Every structure is written in structure tokens, then in C-alpha cells.
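What follows is each chain in one-letter form.
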Amino acid sequence: MRKFFIICYFLFSLPLFSQSLQSPEQTFGFRMGTDRKLINWDQIHSYFKMLDKHSTRVNLVELGKTTLNRPMIMAVISSQTTMANLTKYKSLQKKLAQPYAVDDYTADAYISEGKVIFLITLNIHSTEIASSQESVELAYELATSQDPKIKKILDNIIILLVPSLNPDGQDMITKWYLKDVGTEYEGSRMPMKYHHYADHDNNRDWFFFNLIESLHVAKVLYHEWFPEVILDQHQMGYSRARFFLPPYADPVNPNVSPLLMAQVNMLGKHVVANLHQQDFKGVVTGTIFNAYFEGTMSKTPLWHNRIGILTEAASVHVASPIFFPKSSLRGMGIDLPEYAQQTNFLAPWQGGWWKLRDIIDIEKAATYSMLDLAATYKEDFKRTFYNLNTEAIAKGTTEPPFAYVIPTKQNDPNNAIELLRRLRMANVRIYKINENITLEDKIIRENSFIIPLAQPSRAYIKDIMEAQHYPFLSEYPNGPPRQPYDVTAWTLPLQMGVETFVLNEPVDWQLELVNSPKLDLAEVYPDSGWVAIERRYNHSYKAVNQLLRSGALVYSLQENFNGFPRGTFLTNLDALDSAKVASIFKSNEVPISSFPVPENFLPEKEIKKNKIGIYQPWLPNVYDEGWLRLIFDNFDFDYGILHNEDFQSRSKLINHFDVLIFGNQSSKSIVNGLEKEANGQTIGSPLRRKEYTGGIGTIGLEKIIQFFQDGGTVLFFGEACDLAIEELNFPATNILKDIPKEEYFAPGSIFELILSKQSNLTYGLPSQVAIYKSEPLALKLDLYNKKIIETGYFGEKNVLLSGWVVGEKKLNNKIGLVEIPVGNGLAILYAFRPNHRGQTYGTFKLIFNALYQ
């Protein structure tokens, strides 16, 4: 009888209790999606705190702090009964995700009892603002509705709802937009990066985890909740289809399970049918967005046996509506060449007003459709997840490759440990070998690391450790190569300069599980006299920067001496706090060695930190300088920022900086800014404030020339090399400039560069390095009146290491890195991206070595 009354109280109290919860419209005074109305991050956060306090269906979790120290949150939403037993359901899910000791009979019980874990992530790209506004409305409905369909969802699913993957940017964009409402600037793009470092590239970090926001969610994905389904909502351009969802475009990544991709396709087509039933128009599938590339929030889980769904809705000007005449609508990529009905675009939208509310409506309808399908086929989704995980473990014992080995002997041991730590962020199991093992062709030394592929993340490990072989796709038969969605290579050992090898025979050795990879360093450090710090350790630069900041004197060895190579850092500990010095080197995992010297020895060259200036344009889609700032912050390099106005207003740049850096950016945009602004603004489109338009101009070019005359050094990364060649008239030619794609095409690939050991830039590096190239750049040098150092060049053949290239031979024997004296200064041209997305640890030294006096 008591149980009866409890059940009755539960059933009848829900509607009454939910009435005490204010809707977003009641709370904020307008319906979400109302024209020219937005709520900011503080408002979103406060609303979720209210739901957490007053709803038994909602539990708010703070995942951690953002880059700019805002709270990053996730709402856990399910039925009241489920919410009371979350610990149990997390435990069941972990056993299915890591079924090392689970048999099928036991798994069936877990599947029957468990819930689908469904992660919904919103607003990673802050200008794509609709989903952040949708978040509060979706959460309110899930928290209060008595609709049988929603109750079915809540009874079968635990929803993990992240209202914004970038709260910093959500707040910045909202406030930027609202201050301009009613002016000619309404809806203009904010010129600042909406992620402090990465801007739009924050959705390319999901296998490397450079950003703190990515790392927070990685814990949810791979350590705590193990969701089977991930939905990541986005917005795209204006004038194409209204809504995209899978099936994805070609090519297919061979490491992802065909069964899993079939489920992705099935789920997408189910939603398409549902949207047509609800009379939504303009839904497209199978174009532009592919699932070959690892790195995005929605796709990377595929390599972990999770369903990953990307949706993309057509945009408005933030929250300002746009009117589309029918003739203004365009096709969408090669798979939808014209805006017309075809198999993957069954009901074209006919034009008219498109509003923020339209985006919320279609996003929410698609979300409910997916949730309903997952609730209906709960056991099918969970069983597929379990089966794929067990099959991956089994395959790792029967099919090569069986394991990857990371030997103890590395040119840069820091980079090897960094790679292992990135794998651990994705919960890859790593082991250590405790004895020497002799194979037919090599010896694996004690303390080497080994990554067996007999684990659920087999596909992920294989995909990021092996070289990519992107298939040749043309725009049409015998036509030019087809542009990939993003890049074609991401091999971590190559990017990070780490030696690895694969084992193609089963592993049957005693191994030690390693949860936190670290370098084995000496327990006791020298506490007096001269010591040597090897530049081959990336972290030695961070340690040296910390030493310099503390007032220590640091020197650079000018010649090979006592077994130490030229360029080795030296310092004398006699006048330093030995405990503080030991702490610096231990915390950075950098060994130091006693450096025996003759009496009264004094090195020739004292190291001093240069004053570094990074050019930061007021342009969208220019991410290089942000990733460079992240690297510099991580390695304790001090720097300043230069904007266009600094080139106009500062009389002499040398008074402020010793080194200037131009990141990967076209020459024209550096000088002139956006081309469409230079050619005049389209009537009716939002204006940008004048101070955020244009480039450095001809005055800026003159200031750079003067900077060289005054003894300054300028680094040009990637496309910025064309600025040095075309605008500053350097004695070089980019032989690939304006070349047709049929003759040369390398859309994000990894190549081998041979280094000249004559150059100080190559301190600490081997004779060959893997470099990242995504632009058509290869240099040929002209006669000159000063000595030019051809620091890096491509070999005679087989320069591609991973990815895709058309016309590889055009790189043979061409220059990829060069140092050119200009006036009293120095120009360094990098015909590649030495800081690509903060991942290319193997080429960081080519930057770092240019940053000391």
C-alpha cells in the first residue's frame, strides 16, 4: 500500500511541480529565436542552475573552467527514476564500453538494464548562435513535459546536454551583436577570435586536445560516460540548402566499421523522413561534409565505435533575419551542383524569410527525431556498441597490426611522452616493457612503451598512428582533383617527430599498465658548476625561458665540445638557487648534465629573449596566429600583438620588437584585408567598423623594410611567404603559385624536409623532419649579394609521407625553408606550416631557434 501511494505521488506531483519552473520565454521575456534577441552565457548558465535546483530530471555538472575562466557546464537529463541511479548506469555503460571481462550473456543483461547515453553538444562555433538559444528551450521541455513521446525518451535515454562547447565565444558574440542592433553594423562579423586561440579551428582539436574545452569533453566521451550517440549541431553558409545531416559525402575512412557507418546513414535518413513529415524543406544529405578526417567533435567518436552525427543549418546574420529571393539560392558542393531536386535533396526550399527561429525549429525537430529512434531501438544501439567494442578487442589478437612500439631512444623524448599523453586523453591503454625483447630485426629496449591494438579504440589508434593514403577523387571523370572537406593527413608520430614501429606479430609479453606516461629522470640533479641542457628536448626551451625570467644567465655552445653538439644551452648553477633550478627542470621533464670545462671557461654567446611581435589580422578564418600564441603560452615565450594600426602608427617597429611573425595568410589579405571590402560593400549587408577593415597597407610594407634595415628578423609562415616574394621583392620565386590543381595539389599533407646542419635554426633536430603543407608553396632562389642559407629542401623523390599529393615531383629538390639576409636583419621563409593547429611538435624547434638573440 505504501509503495502504491509513493507511485501515485510521483505521477501526480510531476505536472504540479513542473508548473513552478518558468519557461525560457517567461524568464527572459521573449521566445528563443525572436528576431534580434539573444541570451548570453551568464543567462544560459543561470537558467540551467534553476533547472538543476527545481527539476528532478536535471542534474547540472560543471565540467571545468574555459580558456577565459568561465564555467563550462553539462546538463544530465533523464527520468526521475534514472536520475536517482546515475552511478549504476554509468557503471553499466563503462562495462559495455570496455568489455575486456564481459561475456555475451552478462552483456545482454547490461544492455537490457542500461540506458542509451546520448551526448548533445551545441555552439562550438560561436557565430552559429542558434543552438545555444535552443539549449534552454530543449532542456525546459525535457524537464517538464508530460508528453508520452518525451517520457519514452526519458525512460530509455540519459541525455548529456552541453549548451555551448565554447562559452567564452558565446558570450563575446552575443554582446558584440546586441550592441549593434538597430545600427548599420547589425549582424556584422566580430573581428576578434571567438575562441581565444583557435577561433573556428576549435572544431579540429578532437584527437589532439590542445584546448581545455576539448579536454573537458574528452573526459565525458572516453573516461566517464562513454556515450553511444553524439549529436553536434552547427550552422553553415546562407544561400544553400537549409539543413544538412548524414549520410556523409565520400570518401569513407577504411578504419571505421561499415556497420557503424550504416547506422549513421540509417539514423540520418530516419530524420530526413521525419522532417519531411513535418513539412520542413531544403534538407540535404551526402554533400561536402565527409567522415574521412579525424579531428571534429561529431566525427572523431566514429573511431571509438560511437555514432557521430553532424547537423548544419543555414545561417542568418547572427539573430537578424535574411530574405532570400528564389534565384539567390545556390547548389552545395559537387554532390549538389545546382539548387534543384535530386535524390539527396528531395524538397528544395523555395526562398523567403529565413530567421533564427527557423534554425531552432529544425534543429530541435531533428534532435527529437534522433532521440525517439534511440529510445525505440535502445537495445539495438547498445548491442551494436558492445559488439563493436568486443570485435575490436578480438581483432587486436588475430589481425595485424597488433601493436605500436614507442622506443625509449628518441631524438626528442619530450615529444614521445606528449604523444602518449594525447592518447591517454582518449583513454587509450598504454603499457611499458620491463625487459629487453629481441625480435628478428630489432631489439625493443626495456622501458619502451607499447600500445596494443586489442582494445575498443583499435580503429582510433590505428588511424592516428599510421600514414594516411587518401584516395584520388576527381570533380568529374578525368577532371581536376576534388577538394577534401578538410585535410588528408594527421599522423601523430610524423607531426610530433616521434619514432615508432609496428608489430605485425601477436604480443604475448609481460607488460606494465601505464596510466600517466612520464620520462624517467635522475632523482638527483647537479647543484653547482656548469650544466648542459640539450636542445633536442622541446621542453628545454620552456625551462630556459623560465631560467631567463628568473634572472639566470644562459649561453649557447658555439662548437661541438666535450660530446655536446653545437647549440647546446649552458648555464652556471653556482650563483643560482639550486632547489629552484632543479624544480624547473623536473617539472619540465628535462635532464641536465654536468659540463666539465677548462678553468676560466666562458661560452662565446649569451642567450637573451627577443621581443616577439605576432601579426593579428581582423579577419575571419585566419587561425595560424592563434595556434602560435597557444604554443608560445605553453612554452613560456613572451610576445606582443600587432594589428594593422600598429604598422600605421608606430614610427619604428624595432623600438618595440626584435622579431615579427606573419602566420599562414595570403599576401593580398595581409596588405589589403578582405577583398570584398576593398572592392566595396554590398548594399544591405552588415557594415564592418572602419577600424577593423583593410590590412597593413603600403605604409606597413615600408615599416617592414625599415625593420630589416634596423636589424630585425621576420618569420613568414606558409602563404605569408608570398608577401616576402611579391610585395617585398625577395630573391625567390614560388614555383607553385597559381598552378592548376591538375598539376599540383596537396590539401593538408605531410612531407619530408631535409635540413642543413649549417643553420642555427636546426639546433636539436635530426637531418630530416616531417613538415605539414596545405598551400601550393615551393621556393626557387635567385642570385643575391649576400649569403643565403637554404635551410630545408625536398629530396629527389618520395617526399610524401602521409596524405595526398598530385604532382609530387614538382617538389623535388625545391626549397622549403630559407634564411635570407635583408639590410641588417634576417628574413626566414617557411614554405609550410611549422605550427599547424598546435600539433606539429616535430617542427616547433624551427620556430623556437629563431627567437633568441
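Our subject is the structure that appears above.
Numbers given to residues run from 1 along each chain, matching the order in which its sequence is written. Given that this is a predicted model, residues contribute local features only at a pLDDT of at least 70 and side-chain atom pairs are listed and counted only at 80 or more, while totals for whole chains, interfaces and linings are drawn from all residues. To get the side-chain values, take all heavy atoms of the structure and skip hydrogens and water.

1. Thoughts on the overall build of the protein chain
A tally of helices and strands in the protein chain yields 25 helices and 34 strands. Here the C-alpha atoms of the protein chain give a radius of gyration of 28 Å, agreeing with the 29 Å that 2.2 N^0.38 yields for 853 residues. With the principal axes as the frame, the protein chain shows a C-alpha extent of 95 × 70 × 60 Å. Buried means the residue's accessible area, taken with a 1.4 Å probe over protein chains only, is under 20% of the maximum for its type, while exposed means over 50%, and partly exposed covers the values in between. For the protein chain, the proportion of its 853 residues judged to be buried stands at 61%. Residues are treated as being in contact if the distance between any of their heavy atoms lies within 4.5 Å. The contacts in the protein chain between residues at least 6 apart in sequence include a share of 79% that link residues at least 24 apart. In this charge count, Lys and Arg are treated as positive and Asp and Glu as negative; neither His nor the chain ends contribute. Charge placement uses NZ in Lys and CZ in Arg. For Asp and Glu, CG and CD serve respectively. Side-chain charges in the protein chain split into 85 positive and 93 negative, and the spacing between the mean points of these groups amounts to 3 Å. Secondary structure is summarised from DSSP: a helix means a run of H or I of at least four residues, a strand means a run of E of at least two, and numbering begins at the N terminus for each. When we talk radius of gyration, it's over C-alpha atoms, and the globule rule is simply 2.2 Å times the number of residues to the 0.38.

2. Notes on the pairing of strand S1 (residues 58–65)
When S1 meets strand S2 (residues 71–77), the two strands line up antiparallel, connected through 7 bridges. Paired with asparagine 59 across the two strands is valine 76, which belongs to S2. Adjacent in sequence and paired antiparallel, S1 and S2 are bridged by 5 residues, among which asparagine 69 carries a positive phi angle near 75°. By definition, two strands form a pair when at least two bridges between them are found by DSSP.

3. Observations regarding the pattern of salt bridges
Whenever Lys or Arg places a side-chain nitrogen within 4 Å of a carboxyl oxygen from Asp or Glu, that contact is recorded as a salt bridge. Per the stated rule, a full pass over the model turns up 40 salt bridges. A salt bridge links glutamate 62 to lysine 65, with the nearest nitrogen and oxygen atoms 3.2 Å apart. Judged by its relative accessible area of 43%, glutamate 62 falls in the partly exposed class. With relative accessibility at 38%, the residue lysine 65 sits in the partly exposed group. A salt bridge links lysine 88 to glutamate 113; the shortest N-O distance between them is 3.1 Å. In this pair, lysine 88 is assigned in helix H5 (residues 86–97) and glutamate 113 in helix H6 (residues 104–113), connecting sequence segments 25 residues apart.

4. Topic: the sheet that holds strand S19 (residues 554–556)
Here we have 5 strands laid out as an open sheet, ordered S21-S18-S20-S19-S22, and antiparallel in their pairing. Each edge of the open sheet carries a strand with a single partner, namely strand S21 (593–594) and strand S22 (605–607). Working convention: axes come from line fits to C-alpha atoms, limited for helices to the stretch in contact. Angles between N-to-C directions cover 0 to 180 degrees. The strands touched by helix H17 (residues 539–549) within the sheet are strand S18 (530–533), S19, strand S20 (569–572) and S22, with S20 carrying the most contacts at an inclination of about 35°.

5. Re the sheet that holds strand S6 (residues 243–244)
Pairing in this open sheet of 8 strands is mixed, and the strands run S1-S2-S4-S3-S5-S8-S6-S7 from one edge to the other. Strand pairing shows two members of the sheet lacking a second neighbour, S1 and strand S7 (283–284), which therefore form its edges. Helix H8 (residues 148–156) contacts S2, strand S3 (116–121) and strand S4 (157–162) of the sheet and is inclined by roughly 95° relative to S4. Set on the sheet, helix H10 (residues 212–224) makes contact with S1, S2, S3, S4 and strand S5 (229–235); between it and S1 the angle comes to about 135°.

6. Focus on unusual backbone geometry
Here the bond from aspartate 250 into proline 251 is cis, since omega is 5°, no more than 30 degrees from zero. With respect to the helices, strands and loops of the structure, proline 251 is situated in the loop between S6 and helix H11 (258–277). Even without glycine at this site, asparagine 562 takes up a positive phi of about 55°. Of note, asparagine 562 is situated in the loop between S19 and S20. Even without being glycine, glutamate 589 reaches a positive phi, approximately 55°. Note on placement: glutamate 589 falls in the loop between helix H18 (578–587) and S21. On the basis of relative accessibility, which here comes to 10%, the residue glutamate 589 falls in the buried class.

7. So, the nonpolar core
Ranked by internal contacts, the top residues of the largest apolar core, which has 224 residues, are Phe48, Leu161, Phe632, Leu715, Tyr830, Phe848 and Leu851. Here this core gets 12 residues from one element, more than from any other, and that element is helix H12 (residues 356–376). Ignoring sequence-local partners within four residues, the contact set of tyrosine 830 consists of Leu715, Phe716, Phe717, Gly718, Cys721, Leu761, Gly816, Leu817, Leu846, Ile847 and Ala850. What makes a nonpolar core is a set of buried Ala, Val, Leu, Ile, Met, Phe, Trp, Tyr and Cys residues whose side-chain atoms join them at distances within 4.5 Å. Grouped together as the second largest cluster of nonpolar side chains are 36 residues, Val671, Phe707, Ile788 and Leu829 included.

8. Notes on H18
Along H18, the positions that sit buried rather than exposed are Val581, Ala582, Ile584 and Phe585. Along the long axis of H18, the arc covered by the buried residues comes to 155°, so they all point the same way. In H18, those exposed residues whose orientation departs by more than 90 degrees from the buried face are Ala579 and Ser587. In this fold, the buried residues of H18 make contact with S18 and H17. Positive phi shows up at glutamate 589, right after H18, with a value of about 55°. In this context, the arc is that of the directions from the helix axis out to the C-beta atoms.

9. Digging into the side chain of serine 540
Inspection of the secondary structure assignment puts serine 540 in helix H17. Serine 540 sits in the buried class, given a relative accessible area of 0%. Among the polar contacts made by the side chain of serine 540, one reaches the main-chain carbonyl oxygen of tyrosine 537 at a distance of 2.6 Å. With sequence-adjacent residues up to four places away left out, serine 540 is seen in contact with Asn414, Ile533, Glu534, Arg535, Phe569 and Val590. Here a polar contact means two N or O atoms within 3.5 Å. Within protein one must be a hydrogen donor candidate and the other an acceptor candidate, and residues neighboring in sequence count only if both atoms are side-chain atoms.

10. Let's talk about the packing of aromatic side chains
Here is the rule: rings of Phe, Tyr and Trp (six-membered ring for Trp) pair when centre to centre is within 6.5 Å. Planes less than 30 degrees apart are stacked, more than 60 are edge-to-face, and the remainder are tilted. In total, this model carries 41 aromatic pairs according to the counting rule given. When the centroid spacing of 5.6 Å and the interplanar angle of 75° are considered together, the rings of phenylalanine 293 and tryptophan 490 count as edge-to-face. On the criterion of sequence distance, the pair formed by phenylalanine 293 in the loop between S7 and strand S8 (307–313) and tryptophan 490 in the loop between helix H15 (458–465) and helix H16 (492–496) is long-range, its members being 197 residues apart. Each member of the pair phenylalanine 293 and tryptophan 490 is classed as buried. Here the aromatic rings of phenylalanine 637 and tyrosine 852 are separated by 5.9 Å at their centres, their planes lie at 50°, and the arrangement is tilted. Residue phenylalanine 637 is located in the loop between helix H19 (624–634) and strand S24 (640–642), and its partner tyrosine 852 is located in the segment after helix H25 (844–848); the two are separated by 215 residues in the primary sequence. Looking at tyrosine 852, the relative accessible area reads 9%, which means it is buried. Among the aromatic residues, ring-to-ring pairing joins Phe208, Tyr541, Phe569, Phe632, Phe635, Phe637, Tyr639, Tyr841, Phe844, Phe848 and Tyr852 into one connected group. Geometrically, a lysine NZ or arginine CZ counts as sitting over a ring once it is within 6 Å of the ring centre and also within 35 degrees of the ring normal. Positioned over the ring face of tryptophan 354 is arginine 242, at 4.8 Å from the centre of the ring. Here arginine 689 stacks its cationic end above the ring of tyrosine 185, 4.3 Å away from the centre of that ring.

11. Let's talk about the side chain of arginine 458
Relative to the helices and strands, arginine 458 resides in helix H15. Buried and unpaired, arginine 458 has glutamate 399 as its nearest opposite-charge partner, separated by 4.6 Å. Not counting chain neighbours up to four residues away, the residues in contact with arginine 458 comprise Ala392, Lys395, Gly396, Glu399, Pro400, Pro401 and Leu453.

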